[in-house]
Amino acid sequence: MKLSFLKLSQRLGLSFTRLSHRAILGIETSCDDTGAAVIDESGTVLGEELNSQMKIHLENGGVIPHLAAYYHRACIEDVVSSALRKSGLNLQDMFAIAVTNKPGLKGSLAVGVEYAKHLAKMVEKPLIPIHHMEAHALMARLHNNIPFPFLVLLASGGHCQIALVKGIEEFYLLGSSQHNSPGEVLDKIARRLKLQNLPEYYEMSGGQAIESMASGGDPKAYPFPHTMTHYRDCNFSFSGFSSYATSTIEEEEERFNVPADGVIPTAKDFCASLLHGYAIHMIHRIHRAFIFCENENYLPKNERKLVFSGGVACNSYIRTALKQMCSDLKSEFFAPPPRLCTDNGVMIAWNGIEKLKSNASISTDLDVKLDPDCPLGIDIGESVKKAAIKIKIPKVNISEDVTT
Ligand code: KG4
Ligand code: ZN
């Protein structure tokens, strides 16, 4: 049975005074971060906790699904208790519990959903199922007034997607990564560069290590090839970066006679050039997305807005390049603070609050299903392809060193 939030509140016997202080507990376990947070409807984060499994997966060279589920199970109770304790509220004070049920690793999603169901049953509160990518996309609205519609670029370890966001639950997918994701490729290249052999990078994700190594490097030293320039769509591909990186690192190791556990001496320039290549690829697609949406009247003219989120959006070089592009295209640019770009409980609780405030309907039963492969919104990529809008390869010139 579906009820509006208003009807639901009445049915739960909540007074309007109480309604003005509604708070939501959000739980995230879609991949390898166990996150929980409590947010009230004024957007105040009352308490949050995060347990990252990054170090464990770094040692294994990538996320191993059954291990991820195991570690979620081991810490979820502590993570949720800690977020609640920090908020000064208890479970009974929550208006609802929001939990990621799509997309993600099946075993990981199951831990969060089962635990949330258990809590919801215990205190007789509703459950709000949350789409992980929608939550990334709306995260920036916690700190900024960003009216709909806007464009969002989501770049993470699992996805690269560009979408038109017309409402809390209204997404239109313009393009996505065809093969691997930008974060996955950064992680792979960082391993191939052997950055983890340097003590200062040992505990960093591949993306962080590359960002740190790129500091002070020359972004134009290595000519990473432009990818997918003949395809007039908004899709992405990062496999060209991966193959160019693999063969170039091999050549450089030979040229400089690098020992088996060593790092090429030109790693700074190499990493800076890689990030530069990423920025060009992303800007090329975003520019086309803006023009397409304006031509189709999906976005009002002269009101361009871009939100950048997901783990790769932590990267200051790419953030600066996109911000600069937005300024050139007379667009506003928004990105959550880096710690809220990666997976966390705050984005899930905030998405619950957004649904609550928009008076979206929620289910009163606890029958929340997992949907590990759920797409983002309605796919309109074919229309973008048909429009075949020609966009010049952008020139990216960032003068200051933004990576320090
Ligand atoms: O969104 P996220 O936390 O998890 C997924 O849903 O995938 O993204 C993780 C990805 C990893 O591949 C990591 O290397 C990348 O985000 N990442 C970065 C940075 N920090 C994390 N990539 C580039 N620069 C960073 N500073
Ligand atoms: Zn994510």
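Please read all numbers here as calculations on a predicted model, not as lab measurements.

Caption draft 1: Geometry of the coordination of the zinc ion (ligand 2). Surrounding the zinc ion (ligand 2) are the protein donor atoms His-132 (NE2), His-136 (NE2) and Asp-343 (OD), at 2.1 to 2.2 Å. For the zinc ion (ligand 2), the four donor atoms in the first shell make angles of 91 to 155° at the metal, so the coordination geometry reads as irregular. One chain supplies every donor to the zinc ion (ligand 2), and in sequence these donors are spaced H-x3-H-x206-D. Pair noted here: His-136 is in helix H6 (residues 132-138) and Asp-343 is in the loop between strand S11 (331-334) and helix H12 (345-357), with a separation of 207 residues, a long-range link. Side by side, His-136 and Asp-343 carry an identical accessibility label, which is buried.

Caption draft 2: Highlighting the environment of Phe-308. Within the fold, Phe-308 resides in strand S10 (residues 304-309). As a C-alpha pair, Phe-308 and Glu-203 span 105 residues in sequence and 25 Å in three-dimensional space. In contact with Phe-308, not counting residues within four places along its chain, are Leu-153, Ala-155, Ala-313, Ile-318, Arg-319, Leu-322, Phe-333, Phe-334, Ala-335 and Pro-336.

Caption draft 3: The site of ligand 1, seen in detail. Near ligand 1 you find 19 residues, and of these Gly-157, Asp-187, Gly-207, Glu-211 and Gly-311 are the closest. Gly-207 places a polar main-chain atom, nitrogen or oxygen, 3.0 Å from an oxygen atom of ligand 1. Within the contact set of ligand 1, a nitrogen atom lies 3.0 Å away from a side-chain nitrogen or oxygen of Asn-315. Within the complex, the protein chains bury 89% of what would otherwise be the 550 Å² of accessible surface of ligand 1. Among the elements of the structure, H6, helix H7 (182-193) and helix H8 (206-214) are those that each provide at least two residues to the shell around ligand 1. Looking at the shell around ligand 1 residue by residue, the classes come out as three nonpolar, 13 polar and three charged.

Caption draft 4: Examining the nonpolar core more closely. Ranked by internal contacts, the top residues of the largest apolar core, which has 68 residues, are Leu-153, Leu-174, Met-282, Leu-306 and Leu-322. In terms of residue count, helix H10 (residues 267-295) provides more of this core than any other element does, 16 residues in total.

Caption draft 5: Geometry of the packing of aromatic side chains. Enumeration according to the criterion identifies eleven aromatic pairs in this entry. Where Phe-238 meets Tyr-278, the ring centres are 4.9 Å apart and the plane angle is 55°; that geometry is what we call tilted. Within this pair, whereas Phe-238 is found in the loop between H8 and helix H9 (239-255), its partner Tyr-278 is found in helix H10, the two being separated by 40 residues in sequence. In terms of burial, Phe-238 and Tyr-278 fall into one category: buried. One aromatic cluster is present, built from ring pairs that chain together Tyr-222, Phe-224, Phe-236, Phe-238, Phe-241, Tyr-244, Phe-270 and Tyr-278. The ring centre of Phe-95 lies 5.3 Å from the NZ or CZ of Arg-22, which sits over that ring.

Caption draft 6: Inspection of the packing of H7 against H8 at higher detail. Contact geometry for H7 and H8: axes closest at 7 Å, N-to-C directions at 65°. At the point where H7 passes H8, the crossing takes the left-handed sense. Where H7 approaches H8, its residues Leu-186, Asp-187, Ile-189 and Ala-190 are matched on the opposing element by Gly-206, Gly-207 and Ile-210. Class assignment of the residues belonging to the contact of H7 with H8 gives a composition of four nonpolar, two polar and one charged.

Caption draft 7: Structural view of the sheet that holds strand S3 (residues 33-40). Read across the open sheet, the five strands follow the order S4-S3-S2-S5-S6; overall the sheet is mixed. Of all strands in the sheet, those with a lone pairing partner are strand S4 (45-52) and strand S6 (127-131), marking the two edges. With direction set aside, neighbouring strand axes in the sheet form an average angle of 20°. With seven bridges connecting them, S3 and S4 associate as antiparallel partners. Counterpart to Ala-36 in the pairing with S4 is Glu-49. Helix H5 (residues 106-123) contacts strand S2 (23-28), strand S5 (96-102) and S6 of the sheet and is inclined by roughly 160° relative to S5.

Definitions and cut-offs
- All residue numbers refer to position in the chain's written sequence, counted from 1.
- To label them, take the chains in the order written and letter them from A, then take the ligands in the order written and number them from 1.
- Per-residue local features are limited, in this predicted model, to residues with pLDDT of at least 70; the limit for side-chain atom pairs, both in listing and counting, is 80 or more; totals at the level of whole chains, interfaces and linings are taken over all residues.
- In computing side-chain properties, one takes all heavy atoms of the structure into account and sets aside hydrogens as well as water.
- In this description, a donor is an N, O or S atom within 2.8 Å of the metal centre, a cutoff extended to 3.2 Å for sodium, potassium and calcium. Water is not part of the atom list, which can make sites seem incomplete.
- Metal sites are grouped by the angles between bound donors: all angles between 85 and 135 degrees with four donors is tetrahedral, opposite donors over 155 degrees apart with the others between 65 and 115 is square planar for four donors and octahedral for six, and any other pattern is irregular.
- In this description a helix means any DSSP run of H or I spanning at least four residues, a strand means any run of E spanning at least two, and both kinds are numbered starting from the N terminus.
- Any residue under 20% of the maximum accessible area for its type is buried, any over 50% is exposed, and the rest in between are partly exposed; the area is computed with a 1.4 Å probe on protein chains only.
- By definition, residues are in contact when any of their heavy atoms lie within 4.5 Å.
- Being near a molecule or strand, for a residue, means having at least one of its heavy atoms within 4 Å of it.
- N or O atoms closer than or at 3.5 Å make up a polar contact, with two conditions inside protein: a donor-capable atom paired with an acceptor-capable one, and, for residues adjacent in sequence, both atoms drawn from side chains.
- Every accessible area reported is derived by Shrake-Rupley at a probe size of 1.4 Å, with residue values counting cover from the shown protein chains alone.
- Gly falls in the polar group here, along with every residue not listed as nonpolar (Ala, Val, Leu, Ile, Met, Phe, Trp, Tyr, Cys, Pro) or charged (Asp, Glu, Lys, Arg).
- Here, the term nonpolar core denotes a set of buried Ala, Val, Leu, Ile, Met, Phe, Trp, Tyr and Cys residues that are joined through side-chain atoms within 4.5 Å.
- Whether two aromatic rings pair depends on their centres lying within 6.5 Å, for rings of Phe, Tyr and Trp, where Trp uses its six-membered ring; planes under 30 degrees apart make the pair stacked, over 60 edge-to-face, and the rest tilted.
- Here, a charge over a ring means that NZ of Lys or CZ of Arg falls within 6 Å of the ring centre while also lying within 35 degrees of the ring normal.
- Between N-to-C directions, angles cover 0 to 180 degrees, with each direction set by a line fitted to C-alpha atoms, over the stretch in contact for helices.
- Each crossing gets its hand from how the near helix is turned against the far one by less than a right angle, where anticlockwise is left-handed and clockwise is right-handed.
- When DSSP finds two or more bridges between a pair of strands, those strands are recorded as paired.

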